[in-house]
Amino acid sequence: LAPILTKRLGQSTGSGAKDNATISSSTLPLIVDVLSVKEHPRSVLLQLLPEECDILCTHPMFGPDSARDSWRGQTFVYERTRIDKVLLGESGEKINKSGRLAAE
């Protein structure tokens, strides 16, 4: 997935594209995980996905049997992991590239 996204982002920003289109936040991919475990997938997504990709980690608050036919009306907990190139911690605080809380 990461190489495909990197190629797509390169085309969107004009490097290799015929037109010199600029990339806007509304055209950036949003990657959403739907897993009951968070720490490892979050780390992998941050490590492998291009910085331009927004990441939203979710945790379904229901089991597979209760959502067998649909997710409609089901409850999810979510973490805005990286939105608009801003890395967010588990409590929503901004994190700098070294993994420390960023100064406001």
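This structure is a prediction, so every number in the text was calculated from the model and none was measured. (Residues numbered from 1 in each chain as written. Predicted model: local features only at pLDDT ≥ 70, side-chain atom pairs only at ≥ 80, totals over all residues. Heavy atoms only, no water.)

Undergrad: How should I be thinking about the overall build of the protein chain in this particular structure?
TA: Per the secondary structure count, the protein chain includes two helices and four strands. Of the regular secondary structure in the protein chain, the N- to C-terminal order runs α-β-α-β-β-β. Of the contacts made within the protein chain by residues no fewer than 6 positions apart, 43% connect residues no fewer than 24 positions apart. Taken as a whole, the protein chain presents about 7,600 Å² of accessible surface, with 53% of it coming from carbon and sulfur. (Helix = DSSP H or I, 4+ residues; strand = E, 2+ residues; numbered from the N terminus. Contact = heavy atoms within 4.5 Å. Areas by Shrake-Rupley, 256 points an atom, 1.4 Å probe, with all protein chains shown as cover.)

Undergrad: I tried to follow the confidence of the model for the protein chain on my own but got confused; where do I start?
TA: Note: predicted coordinates in regions of low pLDDT should not be interpreted at a detailed level. Chain-level pLDDT for the protein chain is 74 on average; 66% of the residues reach the 70-or-more range. Scored below 50 in pLDDT, residues 15-26 makes 14 contacts in the model with residues more than four places away or belonging to other chains. Below pLDDT 50 for its whole length, residues 98-104 participates in ten contacts with residues either more than four positions away or in separate chains. (pLDDT = per-residue confidence, 0-100.)

Undergrad: Got a minute to help me understand the pairing of strand 3 (residues 76-83) in this structure?
TA: Sheet faces and side chains relate simply in a regular strand, where the side chains alternate between the two faces. For strand 2 (residues 54-60) and strand 3, the ladder comprises six bridges, and the chain directions are antiparallel. Residue pairing across strands places I55 opposite R82, the latter belonging to strand 3. Where strand 3 meets strand 4 (residues 86-87), two bridges bridge the pair, whose relative direction is antiparallel. By the bridge assignment for strand 4, R82 is matched with L87. What sits between the antiparallel neighbours strand 3 and strand 4 is a turn of two residues, in which D84 has the positive phi angle 50°. (Pairing = 2+ DSSP bridges.)

Undergrad: I would appreciate a short explanation of the nonpolar core in the present structure.
TA: In terms of nonpolar packing, the biggest core is built from eight residues, these being L5, L9, I31, L45, L49, C53, I55 and C57. Of all the elements in the fold, those that place two or more residues in this core are helix 1 (2-12) and strand 2. (Core = buried A, V, L, I, M, F, W, Y, C linked by side-chain atoms within 4.5 Å. Buried < 20%, exposed > 50% of the residue type's maximum accessible area, 1.4 Å probe, protein only.)

Undergrad: I'm lost on the pattern of salt bridges in this one. Help?
TA: Side chains that carry opposite charge are capable of pairing whenever their charged atoms lie near each other. Tallied over the entire structure, the rule returns one salt bridge. Between E79 and R42 there is a salt bridge, with its nearest N and O atoms 2.5 Å apart. Here E79, found in strand 3, pairs with R42, found in helix 2 (residues 39-48); they are 37 residues apart in sequence, far enough to count as distant. An identical accessibility class is assigned to E79 and R42; each is buried. (Salt bridge = Lys/Arg side-chain N within 4 Å of Asp/Glu carboxyl O.)

Undergrad: Which parts of the structure should I look at to understand the environment of T6?
TA: Mapped onto the elements of the fold, T6 is located in helix 1. With relative accessibility at 45%, the residue T6 sits in the partly exposed group. Considering only alpha carbons, one finds T6 and C53, 47 residues apart in sequence, at a separation of 9.3 Å.

Undergrad: Explanation requested: helix 2 in the structure shown.
TA: Note that an α-helix has 3.6 residues per turn; residues three or four places apart therefore point the same way. Taken as a whole, helix 2 has its buried residues at P41, R42 and L45. Projected down its long axis, helix 2 carries its buried residues within an arc of 100°, all on one side. In helix 2, those exposed residues whose orientation departs by more than 90 degrees from the buried face are E39, H40, Q47 and L48. Considering only its buried residues, helix 2 is in contact with strand 1 (30-34), strand 2, strand 3 and strand 4. (Arc of directions from axis to C-beta.)

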